[in-house]
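Descriptive structure summary
Listed here are the chains, written in short residue letters.
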Amino acid sequence: MKQLFLSVSDGSVSLAETPAPSVKDNTVIMETLYSVISAGTERSLASFGEKNLLAKALERPDQVKKVTEKMSADGILSAVEAAFGKLKDPMPMGYTAVGRVVQTGNGVTELSKGDIIAAAGQAYHSEVNRIGKNLAVKVPKETEDIRQAAFAALGGIALEGIHQAEVVPGETAAVIGMGLLGHITARILDAYGCDVIGFDVTDKTLPCTKLKAFINSKDSHAPELVRALTNGRGADKVIITAAADSNAPVDLAQAIARDRGIICMIGVTRMELDRRAFYEKELSFKIARSYGPGRYDSSYEEDGTDYPAGYVRFTEGRNIEEFLRLLAGKRLCLSDLITHVIPFSDAQAAYEMITKNPNQEQYIGVLLEYERNDTKWDSVIRKKKAPAADKKTVRKRQLNLGLIGAGLFARSTMLPVMKESGLYHFRGLAATGGTASAQADRMFPFDYVTNDYRKLLEDEGIDIIAVSTQHNSHAKFVTEALGAGKHVYVEKPLCLTLEELDFIERAYENSSAELFCGLNRRHAPLIWQMKKELQTDKVPAVYEYTVNAGYIPPEHWTQDEKKGGGRIIGEAVHFVDTIQSLDGSGLASVDVKFADSGAYPKKDNAVIVLRFHSGAVGCIVYTSMGSRRYPKEQLRVFSSGAVYEMDNYAGLRKYDGSGRRKEVRLRQDKGILAEYQYMAEVLRGIRENEAIKDAFEGHRMLLEQMYGG
């Protein structure tokens with residue numbers, strides 16, 4: 001199948017061949033019929049991409065701040081490389097469409113194969129989309145023009161603004177900004193029995209948008225004109241739908257609103273509120289969060305957990321349902337707003353129109369139309385025929401890699417470093433969704449891509465399987481790959497439970513294949529230097545590792561113990577393993593104590609005490625309470641009258657008989673390249689795989705502390 005992507009580095013758009021997404025629980029697979037190009041939003045994204053680095057920085061000072069914080073913590077080169085890496089990541093475009101259900105997952109009871117549905121949020125400009133059941137609503141049969149249903153997300157945004165503004169039938173509502181969203185909002189308000197006054201800097205009135213009046217936003221007499229239309233009161237409610245880089249819409253809203261009126265922002269403008277004006281009228285200002293309650297809540301959008309109607313009448317999904325009800329009942333009609341229907345294959349021409357508009361066309365609603373193609377959701381999509389299986393032994397220059405999952409770490413770190421090493425050939429990629437795999441495959445082309453990971457396990461040409469998926473799926477993929485006789489590299493952690501760890505250990509013992517876990521810090525040059533110079537594997541030492549991990553919201557998936565395992569299992573296993581590698585004698589015990597603070601997740605701040613058979617001890621302070629400007633990781637090793645202090649894998653200070661010395665490196669090096677070189681050497685029989693033994697031991701002791709042995 002094909003999907004549309006934007007290059008953030010230069011603003012160009014292109015259609016990429018991607019594997020069709022596979023169905024998951026509480027989702028449906030939708031064959032897209034029409035998707036809407038939201039001209040304002042998508043034009044701004046494309047325009048941002050076209051700007052040079054300085055212009056991008058001036059427009060997004062929040063992102064510049066993050067880069068400067070990373071510079072102070074990780075070093076200049078590491079921060080710059082990370083920033084450029086993100087600019088290379090193609091962005092999927094689109095968010096609202098209408099399509100046909102071709103498959104339903106477990107937990108989906110209200111939709112069936114063949115149903116026509118409106119979808120929001122996860123409805124990209126793509127021939128096939130996977131939609132969470134709460135974001136997909138069946139289009140009523142009475143709907144005469146199903147193209148209108150493609151505007152579902154925009155209808156949801158308009159309705160959420162109306163709900164937030166607490167609009168009552170019979171009131172006068174002002175709509176500032178008469179673009180596509182403004183017209184939809186005005187028409188819904190009219191359907192609800194409100195008088196609507198439209199505002200814009202130019203006359204954008206349309207015959208089918210019933211307005212009590214249109215007033216130019218720049219008219220200095222606008223407040224007086226509104227009072228004349230409302231018996232001297234002013235607008236009861238004001239909804240700002242404009243997209244402008246100024247405060248003018250907010251200034252206008254506070255001027256035309258009545259005493260104790262409500263202003264709601266669903267557009268994008270500056271928001272500098274004049275206290276005097278708001279105080280005198282006791283105005284309320286609200287912001288509607290996209291399509292409604294449920295937006296950005298993964299339990300609602302991804303897991304399919306709905307909010308009870310008795311508590312939340314209009315959720316994200318029920319706003320779409322209401323929008324469709326208005327269309328089906330002919331209380332709302334948007335057909336005249338559709339000015340262009342462009343074949344999906346010509347999507348680049350559509351973007352050329354909304355960004356450059358060389359022919360000076362008048363457009364409002366722009367739809368992409370998709371051809372019917374019964375093969376576009378096939379389980380395996382190959383861009384070119386996969387080469388015949390390589391029958392050579394693993395003793396070769398490049399190892400054929402099969403990648404399961406294409407998350408951020410794989411795209412930004414794993415694949416670039418493997419490519420740099422020259423040791424890996426990217427043979428097969430498997431991912432359940434088209435977006436991530438297309439991003440990975442576009443930057444690092446594979447011989448073939450698929451949405452069925454079993455194809456990789458069956459491919460005799462693949463030497464090693466890399467697993468880069470959500471933490472709770474690691475154990476499944478690792479055991480199956482080992483069972484298929486494939487060498488395996490899995491991102492940390494190995495697994496989330498002791499039972500899973502038992503399964504993995506048994507699978508490893510019964511397999512001729514090797515297993516590697518992405519605990520890369522043990523391979524970092526500065527760690528090797530400390531071990532060599534201090535001889536920590538021969539002389540007991542005291543280790544103090546401080547991890548300024550940074551705050552992550554409690555609702556983030558890594559904090560969910562069922563999905564991510566929590567931050568101790570999900571990340572702190574790194575630091576346990578690093579000290580294990582320095583000492584080398586094996587862990588005798590692990591003890592974890594958590595801070596008790598209502599301001600932070602309970603298991604987000606901990607002290608981990610390690611004891612080794614050598615007599616050495618270690619202490620890991622893992623905290624989310626610190627400043628992002630402070631280095632993330634610092635390791636101090638006390639041994640034989642010396643102190644070595646490693647600063648965020650970019651610097652090393654030594655205090656010994658020679659005095660105080662400092663080494664500074666231009667680039668942070670956490671050992672990822674060395675780790676991939678180590679894996680290749682193990683598979684060629686040059687080295688023994690000692691790291692996995694420590695990984696099993698460290699995981700087991702941490703899991704026993706977290707969940708009991």
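Keep in mind the model is a prediction, meaning the values are calculated, not measured. (Residues numbered from 1 in each chain as written. Predicted model: local features only at pLDDT ≥ 70, side-chain atom pairs only at ≥ 80, totals over all residues. Heavy atoms only, no water.)

Some details on the pattern of salt bridges
For the coordinates displayed, the defined rule picks out 42 salt bridges. For Glu-645, the salt bridge goes to Arg-636, with nearest N and O atoms at 3.2 Å. By relative accessible area, Arg-636 is classed as buried at 13%. (Salt bridge = Lys/Arg side-chain N within 4 Å of Asp/Glu carboxyl O. Buried < 20%, exposed > 50% of the residue type's maximum accessible area, 1.4 Å probe, protein only.)

Considerations on the sheet that holds strand E4 (residues 91–92)
Reading across from one edge, E2-E1-E4 is the order of the three strands in this open sheet, with antiparallel pairing throughout. Because the sheet does not close on itself, it has two edges, and the strands there are strand E2 (13–17) and E4. Sheet topology places strand E1 (residues 2–6) next to E4; two bridges connect them, and they run antiparallel. The residue of E4 that forms the bridge with Leu-6 is Met-91. (Pairing = 2+ DSSP bridges. Helix = DSSP H or I, 4+ residues; strand = E, 2+ residues; numbered from the N terminus.)

What to know about the sheet that holds strand E27 (residues 617–623)
An order of E25-E26-E27-E24-E28-E29-E30-E31 is seen for the eight strands of this open sheet, with the pairing classed as mixed. Two strands lie at the open edges of the sheet, namely strand E25 (587–594) and strand E31 (659–664), each paired on one side alone. For this sheet, the mean inter-axis angle between neighbouring strands, taken without regard to orientation, is 10°. As defined by bridge partners, E25 adjoins strand E26 (residues 606–612) across seven bridges and the pair is classed as antiparallel. Directly across from Asp-591, in E26, lies its bridge partner Val-609. Seen against the sheet, helix H21 (residues 691–707) touches E25 and E26 and runs at an angle of roughly 40° to E25. (Axes fitted to C-alpha atoms, helices over the stretch in contact; angles between N-to-C directions. Contact = heavy atoms within 4.5 Å.)

Here's the deal with the side chain of Arg-295
Following the sequence through the fold, Arg-295 ends up in the loop between strand E14 (284–287) and helix H10 (298–301). By relative accessible area, Arg-295 is classed as buried at 15%. For Arg-295, the residues in contact, after removing those within four places along its chain, are Gly-121, Arg-289, Ser-290, Glu-301 and Glu-316.

Remarks on the packing of aromatic side chains
Overall, the coordinates contain 14 aromatic pairs when judged by the stated rule. Geometrically, the ring pair formed by Tyr-95 and Tyr-291 is stacked, given 6.4 Å between the ring centres and 15° between the ring planes. With a gap of 196 residues between them, Tyr-95 in the loop between E4 and strand E5 (96–104) and Tyr-291 in the loop between E14 and H10 connect regions that are remote in the sequence. Neither residue differs from the other here; Tyr-95 and Tyr-291 are each classed as buried. Between Tyr-543 and Phe-612 the ring centres are 6.3 Å apart and the planes differ by 70°, which places this aromatic pair in the edge-to-face class. (Phe/Tyr/Trp six-rings, centres within 6.5 Å; stacked < 30°, edge-to-face > 60°.)

Details of empty space enclosed by the protein
Overall, the coordinates contain one cavity of 30 Å³ or more when judged by the stated rule. Roughly 90 Å³ of volume is contained in the largest cavity. Lining the largest cavity we find Leu-515, Phe-516, Cys-517, Leu-519, His-523, Glu-675, Tyr-678, Met-679, Asn-689, Ala-691, Ile-692 and Ala-695. For the lining of the largest cavity, the elements supplying multiple residues, two or more each, are strand E23 (515–517), helix H20 (672–683) and H21. Of the residues that constitute the lining of the largest cavity, the class distribution is nine nonpolar, two polar and one charged. (1 Å grid on protein atoms, 1.4 Å probe; cavity = no way out; pocket = protein on both sides within 12 Å on 5 of 7 lines; lining within 4 Å. Points joined across faces, edges and corners; volume = space filled by probe spheres on them. Nonpolar A, V, L, I, M, F, W, Y, C, P; charged D, E, K, R; others polar.)

Here we look at the packing of helix H17 (residues 498–509) against H21
Put simply, H17 and H21 touch, their axes get as near as 10 Å, and they point 160° apart. The angle between H17 and H21 falls in the class roughly antiparallel. H21 is crossed by H17, and the crossing has left-handed handedness. Contacts from Leu-498, Leu-501, Asp-502, Ile-504, Glu-505 and Tyr-508 in H17 reach Ile-692, Phe-696, His-699, Arg-700, Leu-703 and Glu-704 in H21. (Parallel < 35°, antiparallel > 145°, perpendicular 65-115°, else oblique. Left-handed = near helix turned anticlockwise from the far one by under 90°.)

Details of the nonpolar core
Leu-494 and Leu-515 are the most contacted members of the largest nonpolar core, which has 70 residues in total. Among all residues touching Leu-515, those that are not within four sequence positions of it are Val-478, Leu-482, Val-488, Val-490, Leu-494, Ile-504, Tyr-508, Asn-689, Ile-692 and Phe-696. In this structure, Phe-151, Val-175, Leu-180 and Tyr-291 belong to the second largest nonpolar core, which totals 49 residues. (Core = buried A, V, L, I, M, F, W, Y, C linked by side-chain atoms within 4.5 Å.)

Some thoughts on helix H19 (residues 566–583)
The terminal C-alpha atoms of H19, which comprises 18 residues, lie 26 Å apart, in line with the 26 Å expected from a rise of 1.5 Å per residue. Of all the bends in H19, the largest measures some 50° and sits at Ala-572. One or two residues past the end of H19 sits Gly-584, with phi positive at roughly 80°. (Expected span 1.5 Å × (residues − 1). Bend = angle between axes of the 7 residues up to and from the residue.)

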